[in-house]
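# Analysis of the macromolecular model
Below, each chain spelled out in residue letters.
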Amino acid sequence: MTNRIYLSPPHLDGRERELLLEAYESNWITTLGPQVDAFEREMCLKVGVPYAAALSSGTAAIHLALLMLGVKPGDDVLCSTFTFSATANAVTYCGGTPVFIDSNYRTWNMDPELLNEELESCAKRGKLPKAIVVVDLYGQCADYDPIVSLAAQYEIPIVEDAAEALGATYHDACAGSFGEMGVLSFNGNKIITTSGGGMLLSAKKEYIEKAKFLSTQARDAAPHYQHSQIGYNYRLSNILAAMGRGQLENLDRKIARRKAINRFYRKAFADVPGIAFMPIAPYGEPNYWLTCITLDGSSVGVTREDIRLALEKENIESRPLWKPMHLQPIFQSCRVRGGGVSEDLFSRGLCLPSGSGMSDSDLERVVEVVRKTVAPD
Ligand SMILES: *Cc1c(COP(=O)(O)O)cnc(C)c1O
């Protein structure tokens, strides 16, 4: 049996081991410590945001952001429907109700026109949402100019879920720098990983100080343990921050490799009618986290599942595009604005193996299986 090719496995190719040993030998292995401080500083420089709190996951970062924005039971929070469940789950942790907004075909991200329609209708009903969570899907920023100006018009804060988009840009700014707060994830399959972890970013110091307080059990300043608020155990450990620093040093190299992988697939399928790629919006540069294709059934004659199963048979992992949140059984009762675009993309779309550690021969293996499935001879 050939080696399994995974969708987006961890890729340790830098000083991770050295930095981990440094943390180990210093005996700073629990939450907080010099590696956490350094990881936050280095991430701030990378993303161009002044303040950051390293946390145990991206989900925890979204949860704290929404808590700090005052999301409470009964509140609505607008949220991209085409995303991973963590985005919407965090809304429910605060007791809020997600209201889903569909994507457009141009970017696969939140459609600003649908956002406008939903905000108008919320205003008419006299109940504005408490926040808007905007996702940067598969490593590409959403279209922030219109989204930010709509949010400003209605005075509703944005939380940017940039979990998939570290290193991507929108005009001159980086993913994670939009809205009141930005969220990153260092989960095992993201572009860099700490095995598990996340970060909350903001231009406002008070949010980050509060996040650090809430994520370490909300201890009041006292020699004994004293609490006047509910806290959380959400801080990143020093050991994992060391790992993150080693990964972050090579972010540019990882993006360059993922971009080359994206180009490789585009070239390999250029002559295959019916295979299309996630569009690259003109306003910025993605981080090419995952290369995603869609199949046009009428010209290809095979479905997304045919290709996924053919790859699986050859020990290659691929995955359907995110199933939209408004189609998830758990969110069935939530409102959705639009929905057809993400439903269509979900039914026809597939994420191809895109890990920065993939070799050219791995890529050829994937391409061969896809081509054979599409055009068997
Ligand atoms: C991965 C991901 C998250 C969650 O991050 P974790 O670190 O796994 O909690 C949130 N939103 C999106 C869009 C993601 O892809």
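Residues numbered from 1 in each chain as written. Predicted model: local features only at pLDDT ≥ 70, side-chain atom pairs only at ≥ 80, totals over all residues. Heavy atoms only, no water.

## Observations regarding the state of the cysteines
Inspection of the entire model under this criterion finds 0 disulfides. With no disulfide of its own, Cys44 has Cys174 as its nearest cysteine by sulfur position, at a separation of 12 Å. Looking at Cys44, the relative accessible area reads 11%, which means it is buried. The thiol of Cys122 is unpaired, and the distance to the nearest cysteine sulfur, on Cys334, comes to 13 Å. (Disulfide = S-S within 2.5 Å. Buried < 20%, exposed > 50% of the residue type's maximum accessible area, 1.4 Å probe, protein only.)

## Section: the sheet that holds strand β4 (residues 131-135)
Read from one edge of the open sheet, 8 strands run β1-β9-β8-β5-β4-β2-β3-β13, paired in mixed fashion. Each edge of the open sheet carries a strand with a single partner, namely β1 (51-55) and β13 (336-337). As defined by bridge partners, strand β8 (residues 181-185) adjoins strand β9 (residues 198-202) across 4 bridges and the pair is classed as antiparallel. The residue bridging Leu184 from the neighbouring strand is Met199, located in β9. Contacts from helix α4 (residues 85-93) reach β2 (76-80), β3 (97-101), β4 and β5 (158-161), with the element oriented near 150 degrees to β3. With respect to the sheet, helix α7 (residues 205-214) is in contact with β1, β8 and β9, its orientation differing from that of β1 by roughly 20 degrees. (Pairing = 2+ DSSP bridges. Helix = DSSP H or I, 4+ residues; strand = E, 2+ residues; numbered from the N terminus. Contact = heavy atoms within 4.5 Å. Axes fitted to C-alpha atoms, helices over the stretch in contact; angles between N-to-C directions.)

## A few points about the domain arrangement of the protein
Here the protein is partitioned into domain 1 (16-248) and domain 2 (251-374). If you average the C-alpha positions of domain 1 and of domain 2, the two centres end up 25 Å apart. Contacts between the two partners involve 49 residues from domain 1, matched on the other side by 39 residues from domain 2. Of the roughly 4,000 Å² buried between domain 1 and domain 2 on both sides combined, carbon and sulfur atoms contribute 61%. Its largest share of buried area at the contact with domain 2, domain 1 owes to Trp108, Tyr138 and Ile191, together 21% of the area lost on that side. On the surface where domain 1 and domain 2 come into contact, there are 5 salt bridges. Taken together, the links from domain 1 to domain 2 amount to 27 residue pairs in polar contact (both at pLDDT 80 or more). Every element with two or more residues in the side of domain 1 that touches domain 2 is listed here: α4, β3, α5 (112-125), β6 (169-170) and α8 (238-248). Here the side of domain 1 that touches domain 2 gets 6 residues from one element, more than from any other, and that element is α5. Split into classes, the residues belonging to the side of domain 1 that touches domain 2 amount to 22 nonpolar, 17 polar and 10 charged. (Domains from an automatic or database assignment. Buried area = accessible area lost by both parts, 1.4 Å probe. Salt bridge = Lys/Arg side-chain N within 4 Å of Asp/Glu carboxyl O. Polar contact = N/O pair within 3.5 Å; in protein donor to acceptor, adjacent residues only side chain to side chain. Nonpolar A, V, L, I, M, F, W, Y, C, P; charged D, E, K, R; others polar.)

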